[in-house]
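Next come the chains, spelled out residue by residue.
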Amino acid sequence: MKDPKYVAPTLPAAIRQLAQLPDAGSRGFVFVRPDGTERFCAFSELCDQAERRAADLHARGLKKGDRLAIVVPDPDEFVLSFLGAVMGGIVPVPIYPQLSFKNVESYHDTVTHIANASGAAMVLTTTATKPYIEPVLPRASSLSQLVTVDELGAEDHGKIDVAIDPEDLAFLQFTSGSTSRPKGVQVTHRNLAWNSESFMIHGLEKDSSFDKGVSWLPLFHDMGLIGFVIGPLFTNIPVVFMPTASFVRNPRIWLDKIHQHRGTITYAPNFAYALVTKRVKEKDLGDLDLSCLRRAGCGAEPIQAKTLHEFAEKLRPAKFDARAFLPSYGMAEATLAITFVPAFSGVRSDTVDKAALEKAVATPVPAGEGATTLVNCGHAFPEHEIAVVDETGKRLADRQVGQIVTRGPSISRGYYQEPELTAESFKPLRHEAHEARESDGETWLYTGDLGYTITNEADGARSREVFICGRLKDMIIVRGRNFYPSDLEWVVSEMPGVRRGNVVAFSVDVDGEEQLVITAEGMSTEAEALKTAVAQRIVADFALTPHEVVIVPQGTLPRTSSGKPQRRKTRQMYLDDTLARARTVQGASGEPEDAASSA
Amino acid sequence: MMQAVRGFMERAELLQVFQRTATEVAEKDFPNVAETTSISELGIDSLGMLEIIGSLERELKIQIPDESLAGILTVKDLLNAVESRQPSSAA
């Protein structure tokens, strides 16, 4: 396998190169703290600190290849510790911190699972987070040490130089996917180098002379960690980080930091653009100037053209240029990015016939009744390829809906110590299997996403652009018609009395026939009326009668660490009859929770 | 009564502020909220709660540190967190 053209072959090599640049003392990362103060960490200091932490970890007995669980909510400490491990050849395993307002038991289960699955020898945390991690220690057999970040580097152990090969494991990214049990995606240095080159250079067309990233994305998640820490380190881009919680509390801070630091690159899931549109008042825009922003990426969840248009409309007085929107597609198994639209092409969409889509064909029609609009997520990067295949693994033509598959040097070698799960998702195309040889890079990642391509021959270049319809495993097939849960969920989410993103659609077997179930979070006082309204809406919009509509108390749908409802788990809970059903009764009280909190 | 609240805001008033803020953010009424009500019972997810807390912070000109959020499970816990952040010198 060859090395990428424009970036260093490993992350430590990239960081050391960066620290050698003449301006390494004046360029770097800015960490905005919850109180608004900022900590500047120059690239030279970042390298120095990471090397010191690497030496400290080795002094504590960790060796190259050992796994280190990291549960550190503070962005600056997280980044320095993560890079410290990587510099020392130790494999970091980022884990999300305990979510607020939730009981802690399921969190302990997740941390225990990740610690055991990764075989982490040590967990690194903070003094404040320690109480949430300590109970896990006796349950995770490999974990022998808990260290807090202030202990790390308290003693000077100098620096060490660990030889890192591009094929070495850089870190384990446990997926927050909609499966019930997180799996550790193995990310090598070569994966990181290739993907960083792909999205930073070919995708964002970065320019180190003026580009600057601004991000509030969580760092335990691939989009925040690779997109804004690792990619920028490979390509010499300064970044301003703020805590995720600061953004959710006050979405305006995202815009303010872009304005204040003249940010040029940012990125967010669809919901965040919607949150800004909802919360930021036009009269408060004042002298906000977002004309500096030239890349506003969107990904990690289904992209709605409507959401992005509304954001652009709202921020027009602040000189936001809608061409900056950069819809994209990716997943942890491909390191991060799989496709990007060309820079400055904005949101382009395809309006297709709903009825034809139910038969797995994307037929273009004018917008209106019976049509649905999908956002163009762009094309694959150089040396990478995407294709759409049917159930037998045969490649499909443009506008035929099938599973999206991809190959190239960014694709992970598989899940850590999960050979069966790896073989399911990382394999040759079936009809090519007889001639496939592993060393040819002929392994494809089966993404589990359904979509179609359109070949674009603009400007003399041929590129296959991808449109995502939904998850293969979640597809609902009722009497031969295919429905994507995200379409059904979106329609219900837009109804009054339902909070956006708190709807799950799935199918169940009823007397041998697949049938639709909708679950939505709502107020118990409105449950009955809401049930009827949701059912009517589904009938009106999809000509489909739900088998059942279940209204559950808000906050009770199972979620991933990034806050997305888990479809399969919700379905399982429905089947097990463990969903908390909201009943039309007032004043039911939650005494057990109260008792737990006063302890 | 705690030193911190003196001369600033009574507990009942604080509950009303919470109720109003929650209504604004979640776009629905919360007629039966009491201190003993659990957050999950309110039907507000963690994203929504953070939005409400952000709103309270702006209105009351306080800051609730992230680390004290994890232990909040009831309205009472939340009001305690708010109260402990009220400036004792405020008129």
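Position labels on residues start from 1 in each chain and follow its written sequence. Following the order in which they are written, the chains are lettered starting with A and the ligands numbered starting with 1. The predicted nature of this model means local features are confined to residues of pLDDT at least 70 and side-chain atom pairs, given and counted, to a pLDDT of 80 or more, with totals for whole chains, interfaces and linings taken over all residues.

Let's shift gears to the overall build of chain A. Across its full length, chain A carries 17 helices and 27 strands. Computation of the radius of gyration draws on C-alpha atoms, with the globule rule given as 2.2 Å multiplied by the number of residues to the power 0.38. Relative to a compact globule of 599 residues, whose C-alpha radius of gyration would be 25 Å, chain A shows 24 Å and is just as compact. With C-beta atoms placed from the backbone, a residue is buried if 20 or more other C-beta atoms are within 10 Å of its own, exposed if 12 or fewer are, and partly exposed between those counts. Here chain A holds 599 residues, and the buried ones make up 49% of them. By the convention adopted here, residues are in contact when the distance between their C-beta atoms, placed from the backbone, does not exceed 7 Å. A separation of at least 24 residues holds for 69% of the contacts in chain A among residues at least 6 apart in sequence. We count a stretch as a helix when DSSP gives it H or I for four or more residues in a row; a strand needs E for two or more, and each element gets its number in order from the N terminus.

Within chain B, the secondary structure is distributed over 4 helices and 0 strands. Moving toward the C terminus, one meets the helices and strands of chain B in the order α-α-α-α. For chain B, the proportion of its 91 residues judged to be buried stands at 41%. Considering only contacts in chain B between residues 6 or more positions apart, those separated by 24 or more positions represent 64%.

All names here are of chain A. Following both chains from N to C, one finds helix H1 (residues 11-20) and helix H2 (residues 43-59) inclined at 135 degrees, their axes separated by 8 Å at the closest point. Considered as vectors, H1 and H2 are oriented oblique to each other. Of the two possible hands of crossing, H1 and H2 adopt the one that is left-handed. Of the residues in H2, those touching H1 at Ile15, Arg16, Leu18 and Ala19 are Phe43, Ser44, Cys47 and Ala50. Its residues assigned to classes, the contact of H1 with H2 shows 6 nonpolar, 1 polar and 1 charged. Helix axes are fitted to C-alpha atoms over the stretch in contact, other axes to C-alpha atoms as well, and angles between N-to-C directions run from 0 to 180 degrees. Between 65 and 115 degrees an angle is taken as roughly perpendicular, under 35 as roughly parallel, over 145 as roughly antiparallel, and anywhere else as oblique. Left-handed describes a crossing in which the near helix is turned anticlockwise from the far one by less than a right angle; the clockwise case is right-handed. Gly is placed with the polar residues, together with every amino acid not listed as nonpolar (Ala, Val, Leu, Ile, Met, Phe, Trp, Tyr, Cys and Pro) or charged (Asp, Glu, Lys and Arg).

Residues and elements named next belong to chain A. One non-glycine residue, Phe344, lies in positive phi territory at about 65 degrees. Note that Phe344 resides in the loop between strand S14 (337-340) and strand S15 (349-353). Despite not being glycine, Glu383 shows a phi value in the positive range, around 70 degrees. In this fold, Glu383 is placed in the loop between strand S17 (379-380) and strand S18 (385-389). Residue classification places Glu383 among the partly exposed residues on the basis of 17 C-beta atoms within 10 Å.

A word on the pairing of strand S7 (residues 169-174) of chain A. Residue and element names in this part refer to chain A. The element S7 is largely enclosed, with a buried count of 5 among its 6 residues. Relative to strand S8 (residues 184-188), S7 is paired through 5 bridges, and the arrangement is antiparallel. Note on S8: the bridge partner recorded for Gln173 is Val185. For two strands to be treated as a pair, DSSP must find at least two bridges joining them.

Strand-to-strand pairing in sheets goes through backbone hydrogen bonds, with the strands running parallel or antiparallel. All names here are of chain A. The strand order S25-S26-S27 describes an open sheet built from 3 strands, whose pairing is mixed. Every interior strand has two partners, whereas the edge strands, strand S25 (503-510) and strand S27 (548-552), have only one. When the angles between neighbouring strand axes are averaged without regard to direction, this sheet yields 25 degrees. The strands touched by helix H15 (residues 527-542) within the sheet are strand S26 (513-521) and S27, with S27 carrying the most contacts at an inclination of about 140 degrees.

Residue and element names in this part refer to chain A. Spatially, the 4 strands line up as an open sheet ordered S4-S3-S5-S6, and their pairing is parallel. The open sheet has two edge strands with one neighbour each: strand S4 (91-94) and strand S6 (145-148). Ignoring strand direction, the axes of neighbouring strands in this sheet form an average angle of 25 degrees. Summarising the sheet, strand S5 (residues 122-125) and S6 pair through 4 bridges and their orientation is parallel. When the sheet's bridge partners are listed, Leu124 is paired in S6 with Val147.

In plain words, the nonpolar core is the set of buried Ala, Val, Leu, Ile, Met, Phe, Trp, Tyr and Cys residues that C-beta atoms within 7 Å link up. With 191 residues, the main nonpolar core has Leu68, Ala69, Ile70, Val93 and Ile518 of chain A as its most contacted residues. In this view, Ala69 of chain A contacts Val93, Ile95, Ile114, Ala115, Ser118, Ala120, Val123 and Leu124 of chain A; residues no more than four positions away in its chain are not counted.

Close reading of the predicted structure is inappropriate where its pLDDT is low. All names here are of chain B. By definition, pLDDT measures how confident the predictor is in each residue, and it falls between 0 and 100. Mean pLDDT over chain B: 78, with 84% of residues reaching 70 or higher. Looking across chain B, the model is least confident in helix H2 (residues 39-42), with a mean pLDDT of 75, and most confident in helix H4 (residues 75-83), with 90. Low pLDDT, under 50, characterises residues 1-7; the predicted model gives this stretch 12 contacts beyond four residues in sequence or across chains. Both scores are available for the predicted complex, with the pTM at 0.85 and the ipTM at 0.81.

Our focus in this paragraph is the environment of Asp156 of chain A. Note on placement: Asp156 of chain A falls in the loop between S6 and S7. Taking the C-alpha atoms as reference points, Asp156 of chain A and Arg139 of chain A, separated by 17 residues in sequence, lie 32 Å from one another.

Our focus in this paragraph is H15 of chain A. All names here are of chain A. The length a helix should cover is 1.5 Å for every residue beyond the first. Given a rise of 1.5 Å per residue, 16 residues ought to cover 22 Å, and the 22 Å separating the end C-alpha atoms of H15 matches this to within 8%. Every buried residue belonging to H15 is among Ala527, Leu530, Lys531, Val534 and Ile538, and all of these are buried. The buried residues of H15 all sit within an arc of 105 degrees when viewed along its axis, so they share a single face. Exposed residues on H15 whose side chains face more than 90 degrees from its buried face are Thr532, Val539 and Ala540. Next to the buried residues of H15 lie helix H14 (485-493), S26 and S27. This arc describes the spread of directions from the helix axis toward the C-beta atoms.

Here we take up helix H1 (residues 11-26) of chain B. All names here are of chain B. The end-to-end C-alpha separation of H1 is 22 Å, in line with the 22 Å expected for 16 residues at 1.5 Å each. Of all the residues in H1, the buried ones are Leu14, Phe18, Thr21, Ala22, Val25 and Ala26. Angular distribution of buried residues about the axis of H1 spans 110 degrees; they occupy a single face of the element. Set apart from the buried face of H1 by more than 90 degrees, the exposed residues are Ala12, Glu13 and Glu24. Summarising the contacts, the buried residues of H1 are in contact with helix H3 (46-60) and H4. Looking one or two places after H1, you find Glu27, whose phi comes out positive at around 55 degrees.

What follows is about the domain arrangement of chain A. All names here are of chain A. Residue ranges labeled as domains rest on an automatic or database domain assignment. Domain boundaries in chain A define domain 1 (1-32 + 43-188 + 218-249), domain 2 (352-473) and domain 3 (477-576). Using C-alpha coordinates to define each centre, domain 2 is positioned 27 Å away from domain 3. With 5 residues of domain 2 at the contact, the number on the domain 3 side is 7 residues. Its residues assigned to classes, the side of domain 2 that touches domain 3 comprises 2 nonpolar, 2 polar and 1 charged.

Turning next to the pairing of S18 of chain A. All names here are of chain A. A one-sided burial pattern is seen for S18, the buried positions being Ile386 and Val388 and the unburied ones Glu385, Ala387 and Val389. Sheet analysis places S18 next to strand S19 (residues 402-407), joined by 5 bridges and oriented antiparallel. The residue of S19 that forms the bridge with Val389 is Gln403.

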